[in-house]
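Observations on the model geometry
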Amino acid sequence: MLSQIFCLVAGPQSPRAPIQHLVEAVAGYFTPAVIVLAILGFMVWFTFGPAPSLVYPTSVFVTALIVASPRALALAAPASLLAGVSRGVEHGILVRSGQALEAAARLDAIVLGVTGPNGSDGPSVAAAVAALERLGLEVVMPVSDARRRTTHAVRRLQAAGKRVAVVGDGIEDAAALAEADVAIALSAGAGWVLIRGG
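The following refers to the structure shown.

Describing the overall build of the protein
- A count of helical and extended segments in the protein gives eight helices and six strands.
- Along its sequence from the N terminus, the protein presents helices and strands in the succession α-α-α-α-β-α-β-α-β-α-β-α-β-β.
- By the burial criterion, 29% of the 198 residues in the protein qualify as buried.
- Within the protein, residue pairs in contact and separated by at least 24 positions form 58% of the contacts whose partners lie at least 6 positions apart.
- By element, 67% of the accessible surface of the protein is carried by carbon and sulfur atoms, the whole surface being about 11900 Å².

As structure tokens, then:
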């Protein structure tokens, strides 16, 4: 069990999140621009700066390269991903990949599958629904024949062009979790949440 948890936590660090590809593309243009600006800064300070004529221009050149380093830009995405995943683990949330986090940020709707035995968690579900709606998410809660209705709700929302998450126990609503853009499987007994998506 411990090795499975380790693999789930290590997983997000391995595959690249889509934002990392964007950061690398931007860095490809950013690096030459920084070098050109550093050279221009050197030339301006060398031509118009005070004596000693080589100290200030060199200082400006090196400062520009260090401060505007594309490495800082390239390291920001994986570092923030690792921080988010680590923070989630502290609260019992395992995220399978960086893609799942990015997909979760772009959701339009959420389907709540299993809500507990005999509706015993009604007040907490109502509070969660209110919070999700304040975030601008459309919330769908199939009530009877949850397995089939949950899958149908996911397909209907996706056909309408919405990005959908499903929250469920992973048993009764496994088919809906598999079809969702983001799947959130709750494990009440173990106190863990697993998020998959992308």
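Focus on the environment of Val-85
- Structurally, Val-85 can be placed in helix H4 (residues 70-90).
- For the pair Val-85 and Val-95, spaced ten residues apart in the sequence, the C-alpha separation amounts to 6.4 Å.

Notes on the side chain of Thr-150
- Here Thr-150 shows up in helix H7 (residues 146-159).
- When sequence neighbours within four positions are dropped, the list of residues in contact with Thr-150 reads Val-111, Gly-113, Pro-142, Val-166, Asp-173 and Ala-176.

Overview of the packing of aromatic side chains
- On inspection of all chains with the given rule, the structure shows three aromatic pairs.
- Seen in terms of ring centroids, Phe-42 and Phe-46 are 5.9 Å apart; in terms of plane orientation they differ by 10 degrees. Their pairing is stacked. One end of the pair is Phe-42 and the other is Phe-46, both in helix H2 (residues 18-48) and four residues apart, which spans about a single turn.
- On the accessibility criterion, Phe-42 (26% relative accessible area) is partly exposed.

Some points on a nonpolar patch on the surface
- Residues Ile-35, Val-36, Leu-37, Ile-39, Leu-40, Met-43 and Leu-65 make up a contiguous nonpolar surface patch of roughly 600 Å² in combined accessible area.
- Ranked by residues supplied to the nonpolar patch, first place goes to H2 with six residues.
- Along the polypeptide, Val-36 turns up in helix H2.
- Using a relative accessible area of 48% as the deciding quantity, one classes Val-36 as partly exposed.

Let's talk about the pairing of strand E4 (residues 164-168)
- Within E4, five of the five residues are buried, which leaves it mostly tucked inside the rest of the structure.
- Neither face of E4 is left uncovered, since the one carrying Val-164, Val-166 and Gly-168 and the one carrying Ala-165 and Val-167 both have all their residues buried.
- The sheet contact formed by E4 and strand E5 (residues 182-187) spans four bridges and is parallel. Opposite Ala-165, over in E5, you have Val-182 as the bridge partner.
- One crossover worth recording links E4 to the parallel E5 by way of helix H8 (residues 174-179), and it is right-handed.

Some points on the nonpolar core
- Core analysis: the largest hydrophobic core is formed by 13 residues, its most contacted members being Ile-110, Leu-112, Leu-132, Val-139 and Val-182.
- Every element with two or more residues in this core is listed here: strand E2 (109-112), helix H6 (122-134), E4 and E5.
- Broken down by element, this core gets its largest block of residues, three residues, from H6.
- Dropping the residues within four chain positions of it, Leu-112 is found in contact with Val-125, Val-129, Leu-132, Val-139, Val-140, Met-141, Pro-142 and Val-167.
- Of all hydrophobic cores here, the second largest spans twelve residues; its members include Ala-109, Ala-153, Ala-176 and Ala-183.

Conventions we followed
- Residues numbered from 1 in each chain as written.
- Predicted model: local features only at pLDDT ≥ 70, side-chain atom pairs only at ≥ 80, totals over all residues.
- Heavy atoms only, no water.
- Helix = DSSP H or I, 4+ residues; strand = E, 2+ residues; numbered from the N terminus.
- Buried < 20%, exposed > 50% of the residue type's maximum accessible area, 1.4 Å probe, protein only.
- Contact = heavy atoms within 4.5 Å.
- Areas by Shrake-Rupley, 256 points an atom, 1.4 Å probe, with all protein chains shown as cover.
- Phe/Tyr/Trp six-rings, centres within 6.5 Å; stacked < 30°, edge-to-face > 60°.
- Patch = residues over 30% accessible without salt bridge, like charges linked within 9 Å, V, L, I, M, F, W, Y side chains within 5 Å.
- Salt bridge = Lys/Arg side-chain N within 4 Å of Asp/Glu carboxyl O.
- Pairing = 2+ DSSP bridges.
- Right-handed = clockwise from strand over helix to strand, strands pointing away.
- Core = buried A, V, L, I, M, F, W, Y, C linked by side-chain atoms within 4.5 Å.

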